[in-house]
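Reading the structure
The chain contents come next:
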Amino acid sequence: MLLNQFLLLAAALFAIGVYGVLARRNGVLVLMSIELILNAVNINLVAFSAVRATVGGEIFALFVIAVAAAEVGVGLAMVLLLYRNRRSIDLADIDQLRG
Amino acid sequence: MTVLAALQGFDSLMSGDTVVAQNIAFGILALVMIVAALRMVTTSNVVHAALYLVIVLAGVSGIFILLGAEFVGVTQVLVYIGAIVVLFLFGIMLTRGALGEDEEADTEKRRMAVLVGVLVLVVTGGAVLDSFGDAAVNRAAPSLTAEIGDTIFSQYIVPFEAVSVLLLAALIGAIVVARKD
Amino acid sequence: MTDLLTLAATTASGLSLGITEGGSWLLRNAWLIPALPALSFLGILFFGKRMPRGGSELGIALVGIAFVLSLLTAAAWIDHRDNFEGEEVHRTVAAAEEHADEGHADEGHAAGHPSLAVHNTVTWFELNDVTFTAGTLVDGPAVMMLVVVTLVSLLVHVYSTEYVAGDRRYTHFFAFLSLFTASMLLLVVSENTLQLLVSWELVGVCSFVLIGHWWEEKPNSDAALKAFLTNRVGDMGLIVGVTILFFTVGSALPGQFGSFSIAETNALAGAGRLSHTALLVASCCLMAAVMSKSGQFLLHTWLPDAMAGPTPVSALIHAATMVVAGVFMIARMYGVFFEGFSIGGSSINLMALIGGLTTLVGACLAFVQRDIKKVLAYSTISQLGYMVMALGVGAWTAALFHLFTHAFFKACLFLGAGSAAHAVHSFDMKSDMGGLRKHMPHTYRTFVIGSIALAGLPPLAGFWSKDEILVGTGGWGLFGGTGGNGAYTFMLVMGVTTAALTAAYMTRCIYLTFFGEFRGHGTPHESGPRIVVPLWILAGLAIVAGLLNLPKGFPLVPGSLQERFGHFVEPVAAYFPSISHGTPSWSLAIASTLVVLSGIAVAGWYYFVKVEAASKAAGESLTELPDGLTSRYPLAKMGHTFLVQKYYLDHLYTDIIAGGTKGPVAAAAYKVDQDVIDGVVNAAGENAVRAGNLVYHRFDQLVVDGIVNSSGRASSGAGGELRKIQTGKVQDYAAILFAAATVLAGILIVIV
């Protein structure tokens with residue numbers, strides 16, 4: 001197997017995740033797309049780890065998983081708060097900083 | 001030109017040197033993941049999106065196992081599919097942004113997002129092809145879980161402790177943000 | 001044996017640390033003492049509400065046991081100090097040029113045996129080649145602090161059972177009192193700076209929680225926040241200082257990149273193995289921590305506000321123990337400070353200067369307070385300044401001795417103030433107190449004893465410790481000079497001035513509280529035994545504590561009773577710098593006593609004669625003369641206002657420093673922009689236009705104006721267009737962010 005094929009797959013997932021973050025209006029979906037981005041990064045880390053035959057990259061991937069868990073917890077709490085205050089989680093509605 | 005040269009490097013995938021079965025497995029996984037990811041960001045049903053996310057995450061786990069990182073792959077299933085997706089489903093349920101249809105994004109916004117996404121893909125893909133030519137993944141044996149454990153608790157002990165504090169902080173933060181008062 | 005040890009210390013094989021792993025069981029297991037109150041914290045937290053007395057009995061019992069253990073430990077230490085002949089621990093150090101001469105020569109210390117500190121550690125965790133340990137370092141100062149903290153804590157626990165009786169968070173209060181005691185005890189036995197840092201933060205948190213005990217009232221929670229945030233400023237210094245020391249020490253140890261060990265740090269600093277610059281920077285950083293925690297000038301503003309907490313808390317945390325943590329930290333890291341600030345042989349340094357200023361500043365502020373606790377708070381600041389100044393001039397033993405005596409008389413004063421306030425339900429001396437002498441005889445007597453001890457009249461505790469500090473400045477040249485570490489004459493002047501001020505403000509405080517007629521409502525009555533008994537115990541200690549360290553050569557007592565405190569508390573081991581001691585002189589003692597008496601006389605004449613007479617004339621109890629200095633002289637009035645406004649420091653911090661960026665500075669920047677920059681641009685433009693008008697009138701009209709107008713139109717148009725980017729939607733910003741980052745990454749890839 002080539003390193004490149006994993007990196008390209010990760011790049012594709014990353015780009016799809018970016019699309020999701022930018023295009024979706026549902027707050028929960030935006031968080032899910034962020035998970036996609038983080039997973040793309042994890043694939044890269046593990047692939048490099050495999051090429052170098054060390055475990056450093058895998059450990060970083062584990063840390064990323066832990067951080068992702070924390071991120072989802074706080075992110076969903078924020079979405080929940082948003083829903084409670086505005087009865088909507090449509091990110092397009094939140095534009096109080098409009099110039 | 002380097003891109004073309006790099007693409008020619010993929011010829012070795014079909015040669016007898018590399019294990020064809022691995023490449024076939026990779027191809028299937030990659031295809032399923034990309035399709036599922038695309039469906040996830042485009043479907044109008046939020047619950048379906050969460051289920052597509054499960055497919056992508058399972059695929060990532062498969063990729064990890066393919067790369068010999070078995071422990072990370074198993075952790076991926078446990079933490080992501082077991083916990084995070086369930087959390088998402090709870091989030092969807094509690095916000096009840098209609099269990100069915102999600103309002104579509106306006107076309108202008110979607111066009112912008114496609115543009116940025118393609119830009120990201122082109123730049124990262126180009127950079128990857130440019131830099132890593134035909135480096136091959138030829139790990140002799142899967143990495144040992146014991147080795148990961150040893151390394152975390154010796155070399156990476158401080159980041160490990162930091163992550164544990166971060167998780168605690170996130171826990172408290174989530175409670176503070178979401179509680180009713 | 002001793003000779004062998006010193007021989008081993010001077011050979012190149014290793015540096016002696018002045019510590020031992022042996023010693024009696026009590027000294028090796030000092031961790032039990034902080035563990036008991038910690039246990040009490042957990043017990044009260046989980047089971048307190050179900051106990052018949054709300055958990056207070058558990059706290060008192062365990063702190064009481066801790067106190068007994070501390071006393072036993074002290075006895076063990078007294079035996080150890082003179083009779084221990086065990087193995088000393090040595091440390092291999094990196095090869096460096098020999099500093100054999102400037103090492104820890106022991107000539108300055110008269111004692112025969114080195115008083116090896118008892119060191120006991122367990123491994124906390126290991127990181128590559130550095131082992132992080134947790135443990136205890138038990139020596140004179142640690143044992144002294146153990147006794148003081150457990151004793152005052154025990155008395156405060158007992159006092160609190162009456163003082164906060166019926167409070168809705170009674171159990172919570174005792175839980176945190178126990179946690180505080182545990183953290184403070186952990187701090188004093190800390191073996192390494194990391195552990196010190198952890199317990200330092202823990203006592204800070206307890207202080208925050210207890211100041212804000214009645215947080216429903218806004219001023220209380222504000223005061224708690226202020227204390228916490230001010231301490232953060234200093235804690236930053238502590239973290240930076242500890243880190244610097246960690247790496248500096250590492251550079252002197254082979255095969256190791258750092259060490260937190262206090263004994264190693266001090267021994268290496270004392271042996272001249274560490275860079276002076278690093279030590280100086282580290283000392284300045286640690287000094288910032290001391291300034292915040294021990295309420296030194298510029299960062300002292302939180303301490304008076306902290307009086308919003310319950311009075312027992314003020315007595316325990318903000319008078320006797322936590323605020324002296326900074327002083328104790330200097331005493332603990334004295335090798336570092338002694339080298340860093342070059343204390344031996346100079347005449348001024350940062351520590352002595354800050355300490356000296358703080359004594360004066362605090363004493364002046366104590367004059368204008370109406371709130372009895374604030375008088376005591378500023379007095380505490382002033383006395384802490386004394387201790388820091390003493391450490392700054394090299395009078396280590398005097399500082400620790402003053403810490404010791406101050407803990408008793410200041411806790412006595414605070415608890416007395418609390419007792420008075422408990423009776424009249426107010427802290428305001430001018431409107432709600434007065435004449436309490438008749439109603440509360442016990443409180444009155446103990447308060448007067450505490451005040452005399454604080455003012456420093458012989459033979460009460462404060463006199464001996466204060467006199468020792470003045471001797472330690474080494475600035476007294478009359479009739480048998482004192483000869484300390486340097487000639488700190490300036491500090492001597494500040495110290496003596498403060499002694500007079502202290503005597504005067506305590507006289508004022510006593511008059512306003514206990515004399516005249518009662519100005520409050522109802523009839524106050526004496527507090528119950530659980531308040532009065534601790535008061536009398538502390539008052540008794542305030543009388544006799546000073547006798548522990550009678551000066552050497554004091555003719556009225558046998559030599560075996562002289563300087564007992566210094567003998568047992570001051571380390572003579574390798575981790576402690578060799579300091580020289582001043583010689584006490586009768587002339588200085590008499591002079592300082594006269595100064596104190598004059599302070600009492602002036603204030604006494606004003607209050608007990610003039611104000612008393614004016615009160616009789618006016619037929620009501622006055623608190624000041626109707627036509628006093630401040631109303632007659634504008635300058636005095638200005639000075640008074642200056643003091644009432646606390647030197648405007650709070651205004652400086654909140655209005656100028658914090659508000660500066662948004663308020664005045666922004667306005668000033670705008671003015672500069674308008675008047676200066678625009679002026680330059682306009683003038684240049686006008687001149688150019690004038691020149692153009694003269695020569696190319698038509699060209700100017702058509703081209704220059706055209707450019708100017710169109711550029712204006714263009715910028716307005718661009719602004720209008722760019723405004724659309726500011727949609728306020730997070731995803732639009734994210735799109736710009738992603739696109740820009742990608743483009744930049746692309747450029748980077750192409751270029752590199």
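The rules we used
Residues numbered from 1 in each chain as written. Chains lettered and ligands numbered in written order. Predicted model: local features only at pLDDT ≥ 70, side-chain atom pairs only at ≥ 80, totals over all residues. Helix = DSSP H or I, 4+ residues; strand = E, 2+ residues; numbered from the N terminus. Buried ≥ 20, exposed ≤ 12 C-beta atoms within 10 Å, placed from the backbone. Contact = placed C-beta atoms within 7 Å. Nonpolar A, V, L, I, M, F, W, Y, C, P; charged D, E, K, R; others polar. Pairing = 2+ DSSP bridges. Core = buried A, V, L, I, M, F, W, Y, C linked by C-beta atoms within 7 Å. Expected span 1.5 Å × (residues − 1).

Our next topic: the overall build of chain B. Regarding its fold elements, chain B presents seven helices and zero strands. Listing every helix and strand of chain B by position from the N terminus yields α-α-α-α-α-α-α. Relative to its 181 residues, chain B shows a buried fraction of 28%.

What follows covers the overall build of chain A. Assigned secondary structure in chain A consists of three helices and zero strands. For chain A, the succession of helices and strands along the chain, N to C, is α-α-α. The burial tally for chain A puts 65% of its 99 residues in the buried class. Considering only residue pairs separated by 6 or more positions, chain A has 47% of its internal contacts joining residues 24 or more positions apart.

What follows covers the interface of chain A and chain B. A common way to report how large an interface is uses the accessible area buried once the components associate. Contacts between chain A and chain B engage 61 residues on the former and 78 residues on the latter. Residue assignment for the side of chain A that touches chain B shows that the elements contributing at least two residues are helix H1 (3-23), helix H2 (27-52) and helix H3 (56-86) of chain A. It is H3 of chain A that provides the largest number of residues to the side of chain A that touches chain B, a total of 21 residues. Partitioning the side of chain A that touches chain B into residue classes produces 48 nonpolar, nine polar and four charged.

This next bit is on the sheet that holds strand E5 (residues 130-138) of chain C. All names here are of chain C. Strand order in the open sheet formed by three strands is E2-E4-E5, and the pairing between neighbours is mixed. This sheet does not close on itself; its edge strands, each paired only once, are strand E2 (19-20) and E5. One ladder, built from two bridges, connects E2 with strand E4 (residues 117-127); its direction is parallel. Across the sheet, residue Thr20 finds its bridge partner in E4, namely Val118.

Of all hydrophobic cores here, the largest spans 222 residues; its most connected members are Val327, Ala399, Ala411 and Ala542 of chain C. At 20 residues, the largest contribution of residues to this core is made by helix H17 (residues 396-424) of chain C. Ignoring anything within four residues of it in the chain, the contact list for Ala542 of chain C reads Phe408, Phe409, Cys412, Ile449, Gly450, Ala453, Leu460 and Ala461 of chain C. Among the nonpolar cores identified, the runner-up in size contains 81 residues, and Ala12 of chain A together with Val56, Ala69 and Ile92 of chain B belong to it.

Let us look at the environment of Gly335 of chain C. Residue and element names in this part refer to chain C. Residue position: Gly335 is located in helix H14 (residues 334-340). Spatially, the C-alpha atoms of Gly335 and Gly272 are 10.0 Å apart, while their sequence positions differ by 63 residues. Apart from the residues within four sequence positions on either side, Gly335 is in contact with Thr265, Asn266, Ala267, Ala269, Gly270, Tyr575, Phe576 and Pro577.

All right, on to helix H4 (residues 70-95) of chain B then. Taking 1.5 Å of rise per residue, the 26 residues of H4 of chain B would be expected to cover 38 Å, and the 36 Å separating its terminal C-alpha atoms lies within 8% of that figure. By the burial criterion, the buried members of H4 of chain B are Phe71, Val72, Gly73, Thr75, Gln76, Tyr80, Ile84, Phe88, Gly91, Ile92 and Thr95 of chain B. Taken together, the buried residues of H4 of chain B touch H2 and H3 of chain A together with helix H3 (46-66) and helix H6 (145-152) of chain B. One or two steps after H4 of chain B, the chain reaches Arg96 of chain B, where phi turns positive at roughly 45°.

Residue and element names in this part refer to chain C. Between its first and last C-alpha, helix H10 (residues 276-293) extends 25 Å over 18 residues, near the 26 Å set by a 1.5 Å rise per residue. At its buried positions, H10 is contacted by helix H8 (218-252), helix H9 (262-270), helix H13 (325-332), H14, helix H15 (350-366) and helix H16 (372-392). Gly295 sits one or two positions beyond H10 and adopts a positive phi of about 55°.

Okay, the pairing of E4 of chain C next. Here nine bridges tie E4 of chain C to E5 of chain C, and the two strands are oriented antiparallel to one another. In the sheet register, Leu127 of chain C faces E5 of chain C, and the bridge partner there is Val130 of chain C.

With that settled, the discussion passes to the interface of chain C and chain A. Listed by partner, the interface residues are 10 residues for chain C and 11 residues for chain A. Of the residues belonging to the side of chain C that touches chain A, the class tally is four nonpolar, four polar and two charged.

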